[in-house]
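Chain residues, written in single-letter form:
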Amino acid sequence: MTVTASIQKPRKRATTKSMQGRQAKRKIAPTMLQWRFLVVLFAVFSVFIALASRAAFIQVIQNDVLIEKGDNRTIRIRQNATFRGLISDRNGQQLAVSVPAQAVSADPKVIKDKNSLQDIRKWRALAEVLDTDVDKLLDRVDGSGRFVYLQRQVTPAMATFVRNLALPGVFLLDESKRYYPMGEVSSHIIGITDADDKGREGVESLYNKWLTGTPGERKIIRDGKNRQVEILEQSLGTPGNDITLTIDQRIQAIAFRQIKEATVMFQAASASVVIVDVHTGEVLAMANTPSYNPNNRSTMESYRVRNRAITDAFEPGSVLKPLAIIAALENGYYQTDSIVDTSPGWRRLGGSRIEDARNYGKLSITEIIQHSSNIGTSELALSMPKEVLIDFYYNMGMMSDSGTNMIGESSGIFHERPRWSDHEISSLSFGYNIAVTTTQLARMYATIANGGMKRPLSVVKNMNAPIEPERVISEQVAHDVLLMLETVTEKDGTAYKARVPGYRVAGKTGTSKKAFAGSYGEEYVNIFAGIAPVSNPQIAVVVLINEPGGDFYHAGDTAATVFSSIVSDTMQMMNIPPDAMNIDAVLERQLHAAK
């Protein structure tokens, strides 16, 4: 018994120590768990607080950014197309109108999502109707963008075909297209617009802002399928302003038809004609060949688009001779009854020779114009100080634009010199050493016709403030020279073919060689500038035939005949009665010569 007791006592002590250790651990464990819990709880709350703060910051402080991003996905602004203003002639005939059209466009993303490219048969048909290569067409729509134009301003038949194809991702857009009822007849003065309906030539470009309206706008909300859900805002646009030209389309058609026929008949490189109302300076017609059809863009080659009447400057030749005669009469160096000896029909000035077609002997001032004497004109030009003559050319507008304000208009070519030789002044008097445009010549002859009042030319009515005319020639001298110019169209004159049955006409021919690389070649420019009717001047007409290639190369055979045809039809179109008797013209000139 004693032994057993002694053995059990140590076991009891061990058990007691183990129990004490476990109790100690039980006392420590709750403290550790509480600390960890607090750390985790703090971390969780910190995350939630950070998220809430960020959300509050974005939604309250930077909410504009989210609103903008949301609006970018759902809100769209659609523009309502507005038409450009009408362009009409002086009688109200429409020359340029806007008509509804459609454009073929595509959404590459939709095409890719709906696997539209697999239907190659339809894509070939689309390429054929759009007149393009199918591979190029597929390359244009095989991308990551959302919009691409396939073709602008298609015809209604093409639009119907595209609509019936029903290709996923290919759709039609409404737009407007410019249409020109008169085609090539008035194309140079009216101009043309591009695919975006912006003016690119002529009046369309010059008055583009005036013609262009303000498009209306709709602010809408769209859904994920790009369908309109709601209209938020809407504003009405303003249509473009209309323009009335000074052109009379009836006269324009006459002028264009005649020079087009003349270009073929005389095998010319080009031709131009300008018709001006002498009392107002309004351009009644301005036409050129070659021309282009603004309704067919394939005809728009650069040499066809140029308005040669205002851009191309030529040495005018004898058509400028009246200026030297007017300057001599105005400044008192000669009188209307003065006689000039042109024998022996040639002169040598500064080592260069000038000559007439033949020896005319003694000529009156009228006969100098009638026979187009280079010697007689040179004598008049050299009789006055050089500065007086050159200043008169400036005053007549030979070195400035005509006032039409047309884009690309040339002011001519004139090289000022510190010193002028006698030969240079002589050449200047009969239309060399200076280059002018057809429009500048029309202004010059209109000034002679209206009694000496220089007016700027205009192609648009009531757009600019009127400019007071400037007197550059006395009324008596202008009338005297007008009667002298009438003799040019008589039997002994250089432009007998310019006569118009029933009407008295006046004018002057100009046949000049074209300069090439510092010398003169074998190509000619033929010009006839005239006035009708002499009894009561109404119009000034300038006809230019450039590089005639047939048997005729004198202006009296080419430009003068075209002038006659144009004036004959124009007088009837303007309802101007014929002169009572041509004998009246003869008597008036005889009376004038007697004085």
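Because the structure is predicted, anything quoted here is derived from the model rather than measured.

1. Notes on the packing of helix H13 (residues 321–330) against helix H18 (residues 438–449)
Following both chains from N to C, one finds H13 and H18 inclined at 40°, their axes separated by 11 Å at the closest point. One way to sum up the angle between H13 and H18 is to call them oblique. In the crossing of H13 with H18, the sense of the turn from one axis to the other is left-handed. Two secondary-structure elements touch here, H13 through Pro322, Leu323 and Ile326 and H18 through Met444, Tyr445 and Ile448. A per-class count over the contact of H13 with H18 returns six nonpolar, no polar and no charged.

2. Some thoughts on the side chain of Ser186
One can find Ser186 in the loop between strand E5 (170–179) and helix H7 (187–190). For Ser186, a relative accessible area of 2% corresponds to the buried category. In this structure the side chain of Ser186 is engaged in a polar contact, spanning 2.7 Å, whose partner is the side chain of Gln249. Sequence-distant contacts of Ser186, that is, excluding residues within four places in its chain, are made with Gln249 and Gln252.

3. Let's talk about the sheet that holds strand E11 (residues 270–277)
Spatially, the five strands line up as an open sheet ordered E12-E11-E21-E20-E19, and their pairing is antiparallel. Strand pairing shows two members of the sheet lacking a second neighbour, strand E12 (283–289) and strand E19 (506–516), which therefore form its edges. Pairwise comparison of adjacent strand axes, ignoring direction, gives a mean angle of 10° for this sheet. Direction of pairing for E11 relative to strand E21 (residues 539–546): antiparallel, over a ladder of eight bridges. Note that in E21 the partner of Ile275 across the bridge is Val541. On top of the sheet, helix H10 (residues 249–265) reaches E11, E12 and E21; it is set at about 25° to E12, its chief contact. Helix H20 (residues 559–573) rests against E11, E19, strand E20 (519–532) and E21 of the sheet, and its axis sits at about 145° to E21.

4. Thoughts on the pairing of strand E3 (residues 94–106)
Of all 13 residues making up E3, 10 are buried, and the element is well covered by its neighbours. Across two bridges, the pairing between strand E2 (residues 87–88) and E3 is antiparallel. By the bridge assignment, Ile87 is partnered in E3 with Ala96. The hairpin formed by E2 and E3 contains five residues between the paired strands, and Gly92 there has a positive phi angle of roughly 90°. Relative to E5, E3 is paired through 10 bridges, and the arrangement is antiparallel.

Rules behind the numbers
Every chain begins its residue count from 1, and numbering advances along the sequence as written. The predicted origin of the model limits local features to residues at a pLDDT of at least 70 and limits the giving and counting of side-chain atom pairs to 80 or more, whereas totals for whole chains, interfaces and linings rest on all residues. Side-chain numbers here rest on the full set of heavy atoms in the structure, without hydrogens or water. Here, axes are lines fitted to C-alpha atoms. For helices the fit covers the stretch in contact, and angles between N-to-C directions go from 0 to 180 degrees. Elements are defined by DSSP. Helices are runs of H or I of four residues or more, strands are runs of E of two residues or more, and each kind is numbered from the N terminus. Roughly parallel here means an angle under 35 degrees, roughly antiparallel means over 145, roughly perpendicular means 65 to 115, and every remaining angle is called oblique. Whether a crossing is left-handed or right-handed is set by the direction in which the near helix is turned from the far one by less than a right angle, anticlockwise for left-handed and clockwise for right-handed. Throughout, a residue-residue contact means that at least one pair of heavy atoms, one from each residue, lies within 4.5 Å. Three categories are distinguished: nonpolar for Ala, Val, Leu, Ile, Met, Phe, Trp, Tyr, Cys and Pro, charged for Asp, Glu, Lys and Arg, and polar for the others, with Gly belonging to the last. Residue burial is assigned from relative accessible area. The probe radius is 1.4 Å, only protein chains are included, and a residue is buried under 20% of its type maximum, exposed over 50%, and partly exposed in between. Each polar contact in these results corresponds to two N or O atoms within 3.5 Å; when the atoms are within protein, one needs to be able to donate a hydrogen and the other to accept it, and residues that are neighboring in sequence are counted only if both atoms are side-chain atoms. A strand pair is defined by DSSP finding two or more bridges across the two strands.

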